[in-house]
Each structure stands twice: as structure tokens, then as C-alpha cells.
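Structure assessment
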Amino acid sequence: MRKYCFLDHDEERYWLDTEYDIEGEDYENLLSCALRYCAYFSLDYPFGMAPSAELAPYVHEIPNPVRIVYHYNEDTKQILKQLSNSIFKFHFDYEGKPEDPIFYRSDYSVFFSSVTHEGDSFLFPRDGEDVSILLQNEHWKEIDY
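A brief report on the enclosed structure follows. (Residues numbered from 1 in each chain as written. Predicted model: local features only at pLDDT ≥ 70, side-chain atom pairs only at ≥ 80, totals over all residues. Heavy atoms only, no water.)

Another aspect to go through is the pattern of salt bridges. Taken as a whole, this structure holds 6 salt bridges when the rule is applied. Here Lys-89 ties to Asp-21 by a salt bridge, and the two come within 3.9 Å at their closest N and O atoms. Of this pair, Lys-89 sits in the loop between helix H2 (74–83) and strand S5 (99–104) while Asp-21 sits in the loop between strand S1 (3–7) and helix H1 (25–37), placing them 68 residues apart in sequence. For Lys-89, a relative accessible area of 28% corresponds to the partly exposed category. Note that Glu-28 and Lys-81 form a salt bridge whose closest N and O atoms lie 2.8 Å from each other. Separated by 53 residues along the polypeptide, Glu-28 in helix H1 and Lys-81 in helix H2 bring together distant segments of the chain. Relative accessible area serves as the criterion here: at 33%, Lys-81 is assigned to the partly exposed category. Several salt bridges share partner residues, and in doing so they unite Glu-28, Lys-77 and Lys-81 into one network. (Salt bridge = Lys/Arg side-chain N within 4 Å of Asp/Glu carboxyl O. Helix = DSSP H or I, 4+ residues; strand = E, 2+ residues; numbered from the N terminus. Buried < 20%, exposed > 50% of the residue type's maximum accessible area, 1.4 Å probe, protein only.)

In C-alpha cells form, the structure reads like this:
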């Protein structure tokens, strides 16, 4: 399995204070690509934050007090776009938004994960899953760990 990492910062030139994001068309491409391969997604609600009311009808399970897993479909894709216009703005510091979107295949394996407060996101495409449109963004780097 190939693995890719997208950081919101430049680790090699950290002193430049440059920030990157998966936003706009890249964000739309990620959501659309995940829709092809994923059946669920989760969001974390830190600090006793109330879960998103818009997503309440789509709850699949609540595995712990912080994380809620939702069904992923065209409706929830549109709600995610309303909640945020980028991956790294899914962060409590941005208007109290939930954090760390993760997209799961129907077998619950992870397709995409993020730790938004750290500025990290990861992509785990299987053979046959076409993520080439995502990798057009030069900040996705293949990793071997």
C-alpha cells in the first residue's frame, strides 16, 4: 500500500513560517475522491464540544466520548463543505469546529486521516484506488513509514 503525507508547514524550511492547506478545489477533490472509496467518516469533538446538529441524522456510531463516526454520502459531503472550506480549518481554534476528519472504507480501513491541530494529514490508497487528482498538489509526499 502506498502512503502519502501532507503537512501544513515546510519541515525543511520551518523558519519561513509558510503554511499550506487542502482547500478550495483540492478540498473538493479530496471529498469527491473519498466519496468514491469511503462509506464513513469521523470527526472529533474536543473539550465537551456539542456535536454538529446537521450531521446528527447520519450518525453511524460513537466509539468514544470524543469521536463520532458518520455515514459518508453526497448529503454529508455537502455538510462537510458547509462546515469548513479546508481540512486544516477543522480545528477547535477556527470558530469552534470539530477536528481531525478521518475517512473510512466500508471495511473500516482508513483511506484518509488527519491530525489538524498538528497540521498533518495522511492518505492510504489501495491498489486500484485512483488518487492522482489529489497528488497533483505538490505538497503530498510519498512516505515509507
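Generally speaking, nonpolar side chains in soluble globular proteins are found buried as a group. Counting residues in hydrophobic clusters, the biggest one holds 31 residues, and the most contacted among them are Leu-80, Phe-103 and Phe-112. Contributions of two or more residues to this core are made by S1, H1, strand S2 (40–44), strand S4 (67–71), H2 and strand S6 (110–115). Ranked by residues supplied to this core, first place goes to H1 with 5 residues. The contact partners of Leu-80, leaving out residues within four places of it in the chain, are Tyr-27, Leu-31, Phe-41, Leu-43, Tyr-72, Phe-90 and Phe-103. The next biggest cluster of nonpolar side chains, apart from the first, holds 5 residues, and it includes Cys-5, Phe-122, Phe-124 and Ile-143. (Core = buried A, V, L, I, M, F, W, Y, C linked by side-chain atoms within 4.5 Å. Contact = heavy atoms within 4.5 Å.)

The next subject is the pairing of S2. With 5 of its 5 residues buried, S2 lies for the most part within the structure. Every second residue of S2 is oriented toward a common face, with Tyr-40, Ser-42 and Asp-44 on one face and Phe-41 and Leu-43 on the other, all of them buried. The pairing of S2 with S5 spans 4 bridges and is classified as antiparallel. When the bridges of S5 are listed, Tyr-40 appears paired with Tyr-104. (Pairing = 2+ DSSP bridges.)

To continue, consider the packing of aromatic side chains. Here the distance between the centres and the angle between the planes together describe a pair of aromatic rings. What the rule picks out here adds up to 11 aromatic pairs. Each ring, one from Tyr-37 and one from Phe-111, has its centre 5.7 Å from the other, and the planes form 40°; the classification is tilted. In this pair, Tyr-37 sits in helix H1 while Phe-111 sits in strand S6, placing the two residues 74 residues apart along the sequence. Measuring from ring centre to ring centre gives 6.4 Å for Phe-112 and Trp-140, while their planes differ by 75°; the resulting arrangement is edge-to-face. (Phe/Tyr/Trp six-rings, centres within 6.5 Å; stacked < 30°, edge-to-face > 60°.)

Here Ser-84 is to be found in the loop between H2 and S5. Look at Ser-84 and you get buried, because its relative accessible area is 4%. A polar atom in the side chain of Ser-84 sits 2.7 Å from the backbone oxygen of Ser-86. Filtering out sequence-adjacent residues up to four positions away, Ser-84 remains in contact with Tyr-27, Lys-89, Phe-90 and Lys-97. (Polar contact = N/O pair within 3.5 Å; in protein donor to acceptor, adjacent residues only side chain to side chain.)

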